[in-house]
Structure formats: C-alpha cells, structure tokens
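# Close look at the chain arrangement
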Amino acid sequence: MASETDYVTLISKDGFSYVVQRSSARISPVLKRMLDPTGAFLEAKDNTCILQDMPGIVLEKVCEYFYYNEKNKDARDVPEMDIPTELCLELLMASDYLDI
C-alpha cells in the first residue's frame, strides 16, 4: 500500500522538480487519479508524477495556478493571474491535458 504524504513532486520533461501540496495538485482530475493510493498507478507509490510533455516553465505556472485556485476558490473579485503571452498556447495545452 502506498504511503500518502502531504506533498507530491511534479517533474517536467526537462527535469525541473516542483514539490506541491497534494491537496493543491488534486485540483487536476488527472493528477488526482494518478496519485490515488488505491489506484494502480506507480505515481501513487512514489508520490511523484513525471509530466514528459510539459516543459519546466509551463509546469511552474501550472503549480502557481494550483495555489492560486486554492487560495481564491471562494473569493469574490479575484485578481488576474499574471500569464506571459508567450506561454499562453502551451498553458492551454497543459490545462487541457490536466483537465483544469
């Protein structure tokens, strides 16, 4: 049985690692399934997800979004998140993949 910790590690295709709270990462249904200790994914055992198609700069923004979403989920008049224009397409593809 996998040991469930409060933090998980997300690794980009270029080897950058981001340690995030499990509760934040579970915003993504894809990561939630991958990290489910009752599931059959190896990621649940290691508490690590390797996202082979996602560059580090994009994964960093995705991790920022996880915390941004968790912080502002019940707020009104939420400030806009700063997203560089050159990352918009890649972030759109990442959000589609992670279903967020």
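Residues numbered from 1 in each chain as written. Predicted model: local features only at pLDDT ≥ 70, side-chain atom pairs only at ≥ 80, totals over all residues. Heavy atoms only, no water.

The name given to the chain in an unreviewed UniProt entry is Elongin-C, with Oleoguttula mirabilis as the source organism. UniProt, in the comment section headed Subcellular location (unreviewed entry), describes the chain in these words: "Nucleus". (UniProt positions renumbered as here; feature names shortened; annotations may be inferred.)

Within this structure, the stated rule accounts for 1 salt bridge. Across the salt bridge formed by Lys61 and Glu64, the nearest N and O atoms sit 3.2 Å from each other. Highlighted residues: Lys61 and Glu64, both in helix 4 (residues 56–72), separated by 3 residues, approximately one helical turn. Owing to a relative accessible area of 12%, Lys61 belongs among the buried residues under this scheme. (Salt bridge = Lys/Arg side-chain N within 4 Å of Asp/Glu carboxyl O. Helix = DSSP H or I, 4+ residues; strand = E, 2+ residues; numbered from the N terminus. Buried < 20%, exposed > 50% of the residue type's maximum accessible area, 1.4 Å probe, protein only.)

It is worth spelling out the packing of aromatic side chains at this point. Scanning the model with the defined rule gives 1 aromatic pair in all. Here the aromatic rings of Tyr65 and Tyr68 are separated by 6.5 Å at their centres, their planes lie at 35°, and the arrangement is tilted. Linking Tyr65 with Tyr68, this pair stays in helix 4, spanning 3 residues, or about one helical turn. (Phe/Tyr/Trp six-rings, centres within 6.5 Å; stacked < 30°, edge-to-face > 60°.)

The subject of this paragraph is a nonpolar patch on the surface. Taken together, the side chains of Tyr7, Val19 and Tyr67 define a hydrophobic patch exposed on the protein surface, amounting to about 300 Å² of accessible area. On the secondary structure map, Tyr7 appears in strand 1 (residues 7–11). (Patch = residues over 30% accessible without salt bridge, like charges linked within 9 Å, V, L, I, M, F, W, Y side chains within 5 Å. Areas by Shrake-Rupley, 256 points an atom, 1.4 Å probe, with all protein chains shown as cover.)

One pass over the structure, following the stated rule, counts 0 disulfides. The thiol sulfur of Cys49 is not disulfide-bonded, and the nearest other cysteine sulfur, from Cys63, lies at 10 Å. Exposure remark for Cys49: the relative accessible area of 0% places this residue in the buried category. (Disulfide = S-S within 2.5 Å.)

The UniProt feature table records "domain: SKP1 component POZ" (unreviewed entry) at residues 7–70. Between the C-alpha atoms that bound residues 7–70 the distance is 15 Å, and the span itself is 47% helix and 20% strand.

Time to look at the nonpolar core. Formed by 21 residues in total, the largest nonpolar core has its most connected members in Leu10, Leu31, Met54, Val58, Leu59, Val62 and Phe66. Secondary-structure elements contributing two or more residues to this core are strand 1, strand 2 (17–21), helix 2 (29–34), helix 4 and helix 5 (88–98). In terms of residue count, the dominant contributor to this core is helix 4 (5 residues). Ignoring sequence-local partners within four residues, the contact set of Leu31 consists of Leu10, Ala25, Cys49, Leu51, Phe66 and Leu98. (Core = buried A, V, L, I, M, F, W, Y, C linked by side-chain atoms within 4.5 Å. Contact = heavy atoms within 4.5 Å.)

Looking at the element boundaries, Ser24 is found in helix 1 (residues 22–25). Assessed through its relative accessible area of 0%, Ser24 is described here as buried. For Ser24, the side chain forms a polar contact with the side chain of Glu70, separated by 2.2 Å. Beyond its immediate stretch of four places on either side in the chain, Ser24 contacts Phe66, Tyr67 and Glu70. (Polar contact = N/O pair within 3.5 Å; in protein donor to acceptor, adjacent residues only side chain to side chain.)

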